[in-house]
Amino acid sequence: MTSPLKSLIASGTKVWLDSIDPDLVQRNRALGATGATSNPIIVSDLIKTGRFDQDLARLERDGLKDDEIAWQLTDMLVRQAQKVFQPVWESTKGNDGYVSFELDPLLEDPAVNLPVAERTKKYIELGKKWSAGHTNRMIKVPATPGGLGAVEDLCAAGVTLNVTLIFSQRQCKIARESIWRGAQKRASRDKFKSVYSIFVSRVDVYTEHHVPQLSTEAQGVVGIVNAKRIWQENRQFWADKNLPLAQEMIFASTGTKKPGDPAWKYVEAFAGTDIETNPPDTNDKVEASGRTITRQIDQMPSAAVLAEIDRLVDIQKLEDTLMSEGIKKFADPQKALLALIASKRKELVK
C-alpha cells in the first residue's frame, strides 16, 4: 500500500520539511521530502535539546557575539540539510532540492523602525552574503516593503529567492513582477528559480475572529480559496515565459490551528502541484492516517460560497492585519533565539 505522503508526492506535490533538525531531515527524506526550510523558532527548539551544546561552546570560544553565534549555527544546520537534498537538486537540474535560509527578521522589528530604504539595502547585502557559494540554498525574504524592494536586485545578482509572509494576490504580484525584472537582467536564466510562500491557516484564524458572519460552508475555507487563486494567477503569469525551471508557489502554514480539524485538511487541499512545507508533526499525522491523497488543487467550493467570501472578506484589511501580526511573529522569535543563546552561554561556561 502506498503511504499517504508518497501518494501526495505521486499527485504532483513536492513536500518540503518545515524543519532543519538533522534527524527529521533524514527521516522525512526517506518518506519522500525533497527540500526544507528554516526559521529562528526551529533553531531555538534545536538548541533547547542540548544536542548542539558542543557547537555553541566552540563558537563561544571563537569569541563570537550572540547574534554571530545564531547565524553561524543556522548556517551550519542549513548546510547539513543542503547536503541531504543536494542529490535532488542535481537530478532535477535545479528544479527541486532546496533549503531555505531566512534573513535577519530584526530588520522588520517595529521597535527599531528602520526606514524602508535601509531595510532594502540590508536585505540585498545579507542575501548576497548568505547565498554566496551555494547551489541549493534559497534566500528567504519577507513580502514587506523592505523585502519586496530588494528582490529585483537580488534576483539580478543570481540569488535564488523564496518570498515569504504572503497573504494576498497584491503581495504576490509585486514580488513576482519584481523578480521577473531581475531575472531579465541575468546573462542566463537557465538556473533561474523562485518560489512564493503563501500562508494558509493564519487566514482561517483571521476570519474566525474578524469575519464571524461567514456561513459554516465558507468559514474555514477562505485560506484555501485565497491560496488557490494566487496559485492560479502565478501559473498564468509564468505560462508564456519559456523558462527551464518552474516558478512555484509554496503552500505554507499547512498545520491546522483549529481543534477538530483533521491534520490533513490543508495538505490534501493543495495536492497535485507545486510545493508544500509541512511541519514534522503534520507529516507524521498525515502518514499515520493511512489516507490516499489525490489531486485537489483544481477543486473550489461552490459559486455561492465564493461569492459570499468575496462579499464579506476584505482582503486588504486581512493582509494589513496578518502582516502586522506576522511581522511581530517574525521579529520576536529572533529576539528569543538571541536571549536563549545568551542564557546558554552562561550555562556552558559554568
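Position labels on residues start from 1 in each chain and follow its written sequence. Owing to the predicted nature of the model, reporting of local features is limited to residues with pLDDT of at least 70; listing and counting of side-chain atom pairs is limited to 80 or more, with chain, interface and lining totals taken over all residues. Side-chain numbers here rest on the full set of heavy atoms in the structure, without hydrogens or water.

Section: helix α4 (residues 53-61)
Every buried residue of α4 is listed here: Asp 55, Leu 56, Ala 57 and Leu 59. On the buried face of α4, the contacting elements are α3 (40-48), α5 (66-91) and α15 (315-348). Once α4 finishes, Gly 63 follows within two positions and takes phi at roughly 85°, a positive value. Think of it in three bands: with a 1.4 Å probe and only protein chains considered, a residue is buried below 20% of the maximum accessible area for its type, exposed above 50%, and partly exposed in between. Strands are runs of DSSP state E lasting at least two residues, helices are runs of H or I lasting at least four, and both sets are numbered from the N terminus onward. We call two residues contacting when some pair of their heavy atoms lies within 4.5 Å.

Observations concerning the packing of helix α9 (residues 169-183) against helix α11 (residues 222-238)
The contact between α9 and α11 brings their axes to 10 Å, and the two run at 25°. In terms of orientation, α9 lies roughly parallel with respect to α11. In this structure, α9 meets α11 at a crossing whose hand is right-handed. Residues Gln 169, Cys 172, Arg 176, Glu 177 and Trp 180 of α9 touch α11, and the partners they reach there are Arg 229, Ile 230, Glu 233, Asn 234, Phe 237 and Trp 238. Under the scheme applied here, ten amino acids are nonpolar (Ala, Val, Leu, Ile, Met, Phe, Trp, Tyr, Cys and Pro), four are charged (Asp, Glu, Lys and Arg), and all others, including Gly, are polar. Class assignment of the residues belonging to the contact of α9 with α11 gives a composition of five nonpolar, two polar and four charged. Angles run from 0 to 180 degrees between N-to-C directions of axes, and those axes are lines fitted to C-alpha atoms, restricted for helices to the stretch in contact. An angle below 35 degrees is treated as roughly parallel, one above 145 as roughly antiparallel, one from 65 to 115 as roughly perpendicular, and anything else as oblique. Put simply, a crossing is left-handed when the front helix is turned counterclockwise from the back one by less than a right angle, and right-handed when it is turned clockwise.

Remarks on the sheet that holds strand β5 (residues 161-166)
Strand pairing is defined by DSSP finding a minimum of two bridges between the two strands. Spatially, the eight strands close up into a barrel ordered β1-β2-β3-β4-β5-β6-β7-β8, and their pairing is parallel. Taken pair by pair, the neighbouring strands of this sheet meet at an average axis angle of 30°, ignoring direction. Across two bridges, the pairing between strand β1 (residues 14-17) and strand β2 (residues 35-37) is parallel. Counterpart to Trp 16 in the pairing with β2 is Gly 35. Packing of α9 onto the sheet brings it into contact with β5, β6 (194-199) and β7 (248-252), and relative to β5 it is tilted by some 165°.

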